[in-house]
Amino acid sequence: MALFGGKFKKGLSKTRNSFFKRIFSILRGGKLSKEDIEEIEELLISADISIETTEKLLSRILETKSDPLSELEKALVELLSGDTSLNFPAIPPMVVSVVGVNGTGKTTTIGKLAHYINKEYKKSIVLAAADTFRAAAIDQLKIWAQRTGADFIAHQMGSDPGAVAYDAVNHAKATGKDVVIIDTAGRLHTKFNLMNELNKIHRVVKKIVPDAPHEVLLVVDATTGQNGLVQAQKFKEAVELTGLVITKLDGTAKGGIAVTIKEKLGIPIKFVGLGESLEDFEVFSAESFVKSLFEEA
Ligand code: GDP
Ligand code: MG
């Protein structure tokens, strides 16, 4: 099996088995009764697809002249589709900033992303430990750097995150590395300062690479449902995001949250986390995602 591709089916098994398997069997059953429609509505909402989106999906199913199952699949693919490409600049280094609330999976995602970019694009990577709030956060990123063969730039705990990012980008320039990935803090109780801190990191890296950051990826934990959506909206208001990473899809039956977040934020989902290890990670594909929801065991 290829290193990347084909992991959606396993990662989405909880969502499939809890809700979509049933939707599949109802829609395959032929003519839809009022009860069938009500049950589909309940199942979609239970999977964390918003009420408005559920209503849109139901009218597509009811109005279609072709097969309702294919129509639902098509509608979901349309809702989830977006540009997943990474914005590699003509002149390296590329700067990727990874933001999100504590515990959503930022540091883990950075390890996976470093591995992915290194394997898929043959690019050399620098990881920047700009979550300087906890010593453990710095150590955790260091382990991912060792695992993935990336260079690692950190300062002492409590130091200025902007200075860490600045040093990392300078290091990449000086040593000819292709990509800098910046890990950031996610302490929500100091939300106002967090957003300032993130914007400061972004301003500081511009001093070396004027068009940086080339990507600002917001990590959202799928298991936090509507709460995760509210957090994501706050980040969107405060920081210029280029893409979403939805993590822990393997840990929830409510994978429909991906549809809701994409629709409400209007930002493409670029990657998904489907487990805790280095390779439990995929470039997002609306087609594979939707296909996995309806695939038979
Ligand atoms: P951070 O605080 O945002 O940096 O989050 P971490 O990267 O430290 O991750 C928090 C926890 O979530 C860790 O125990 C990770 O192993 C776990 N985690 C991260 N991504 C995934 C995922 O896609 N699936 C699962 N099941 N666990 C994940
Ligand atoms: Mg972290």
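Look a little higher up for the structure.
Parameters at a glance
Residues numbered from 1 in each chain as written. Chains lettered and ligands numbered in written order. Predicted model: local features only at pLDDT ≥ 70, side-chain atom pairs only at ≥ 80, totals over all residues. Heavy atoms only, no water. Pairing = 2+ DSSP bridges. Helix = DSSP H or I, 4+ residues; strand = E, 2+ residues; numbered from the N terminus. Axes fitted to C-alpha atoms, helices over the stretch in contact; angles between N-to-C directions. Contact = heavy atoms within 4.5 Å. Near = heavy atom within 4 Å. Polar contact = N/O pair within 3.5 Å; in protein donor to acceptor, adjacent residues only side chain to side chain. Areas by Shrake-Rupley, 256 points an atom, 1.4 Å probe, with all protein chains shown as cover. Nonpolar A, V, L, I, M, F, W, Y, C, P; charged D, E, K, R; others polar. Expected span 1.5 Å × (residues − 1). Buried < 20%, exposed > 50% of the residue type's maximum accessible area, 1.4 Å probe, protein only. Arc of directions from axis to C-beta. Left-handed = near helix turned anticlockwise from the far one by under 90°. Bend = angle between axes of the 7 residues up to and from the residue. Core = buried A, V, L, I, M, F, W, Y, C linked by side-chain atoms within 4.5 Å. Phe/Tyr/Trp six-rings, centres within 6.5 Å; stacked < 30°, edge-to-face > 60°.

A. Quick look at the sheet that holds strand β1 (residues 94-99). Strand order in the open sheet formed by eight strands is β3-β2-β4-β1-β5-β6-β7-β8, with mixed pairing between adjacent strands. Each having just a single partner strand, β3 (151-153) and β8 (281-283) make up the two edges of the open sheet. When the angles between neighbouring strand axes are averaged without regard to direction, this sheet yields 20°. Relative to the sheet, helix α6 (residues 106-121) contacts β1, β2 (125-130), β4 (179-184), β5 (215-221), β6 (243-247), β7 (269-273) and β8, its axis offset from that of β4 by approximately 170°. Sitting on the sheet, helix α11 (residues 257-265) is in contact with β5, β6 and β7, with an inclination near 160° to β6.

B. Representation of the site of ligand 1 in the model. In the neighbourhood of ligand 1, 16 residues make up the surrounding shell, with Gly103, Lys106, Thr108, Asp250 and Glu276 lying closest. The separation between an oxygen atom of ligand 1 and a polar side-chain atom of Thr108 is 2.6 Å. About the coverage of ligand 1: the protein hides 79% of its 580 Å² of free accessible area. With four residues, the top contributor of residues to the shell around ligand 1 is α6. Among the residues forming the shell around ligand 1, the class breakdown is two nonpolar, nine polar and five charged.

C. Region of the structure containing helix α4 (residues 51-63). Across its 13 residues, α4 extends 18 Å between first and last C-alpha, which sits within 8% of the 18 Å expected from 1.5 Å per residue. The complete set of buried residues in α4 reads Thr53, Thr54, Leu57, Leu58 and Ile61. Here the buried residues of α4 occupy an arc of 140° about the axis, which is enough to place them on one side. Exposed residues lying more than 90 degrees from the buried face of α4 are Leu62 and Glu63. Structurally, α4 contributes buried residues whose contacts are with α2 (13-28), α3 (34-46), α5 (68-80) and α11.

D. Representation of the packing of α3 against α4. Where α3 meets α4, the axes come as close as 10 Å, and the angle between the chain directions of the two elements is 145°. In terms of crossing hand, the pair formed by α3 and α4 is right-handed. Within the contact between the two elements, α3 uses Ile37, Ile40, Glu41, Leu44 and Ile45 and α4 uses Ile51, Thr54, Glu55, Leu57, Leu58, Ile61 and Leu62. Class assignment of the residues belonging to the contact of α3 with α4 gives a composition of nine nonpolar, one polar and two charged.

E. Representation of α2 in the model. An ideal rise of 1.5 Å per residue puts 22 Å on 16 residues; α2 reaches only 20 Å between its terminal C-alpha atoms. Of all the bends in α2, the greatest measures close to 45° and is centred on Phe20. When we look at burial in α2, the residues that qualify are Thr15, Arg16, Phe19, Phe20, Ile23, Phe24, Ile26 and Leu27. Next to the buried residues of α2 lie α1 (8-11), α3, α4, α5 and α12 (286-294).

F. A look at the nonpolar core. Phe20, Phe289 and Phe294 are the most contacted members of the largest nonpolar core, which totals 57 residues. Ranked by residue count, the leading element in this core is α5, at seven residues. Beyond its immediate sequence surroundings of up to four residues, Phe294 is in contact with Phe20, Ile23, Phe24, Leu69, Leu72, Glu73 and Leu76. Listed in part, the 25 residues of the second largest apolar core include Leu86, Val98, Ala114 and Leu217.

G. Geometry of the packing of aromatic side chains. The final tally for this structure, using the stated rule, is nine aromatic pairs. The interplanar angle of 75° and the centroid separation of 6.2 Å between the aromatic rings of Phe8 and Phe284 together place this pair among those described as edge-to-face. Separated by 276 residues along the polypeptide, Phe8 in helix α1 and Phe284 in the loop between β8 and α12 bring together distant segments of the chain. Residues Phe271 and Phe281 carry aromatic rings whose centres are separated by 5.1 Å and whose planes lie at 15° to one another, so their mutual orientation is stacked. In this pair, Phe271 is assigned in strand β7 and Phe281 in strand β8, connecting sequence segments ten residues apart.

H. Quick peek at the environment of Lys291. With respect to the helices, strands and loops of the structure, Lys291 is situated in helix α12. Taking the C-alpha atoms as reference, Lys291 lies 22 Å from Gly266; in sequence the two are 25 residues apart.

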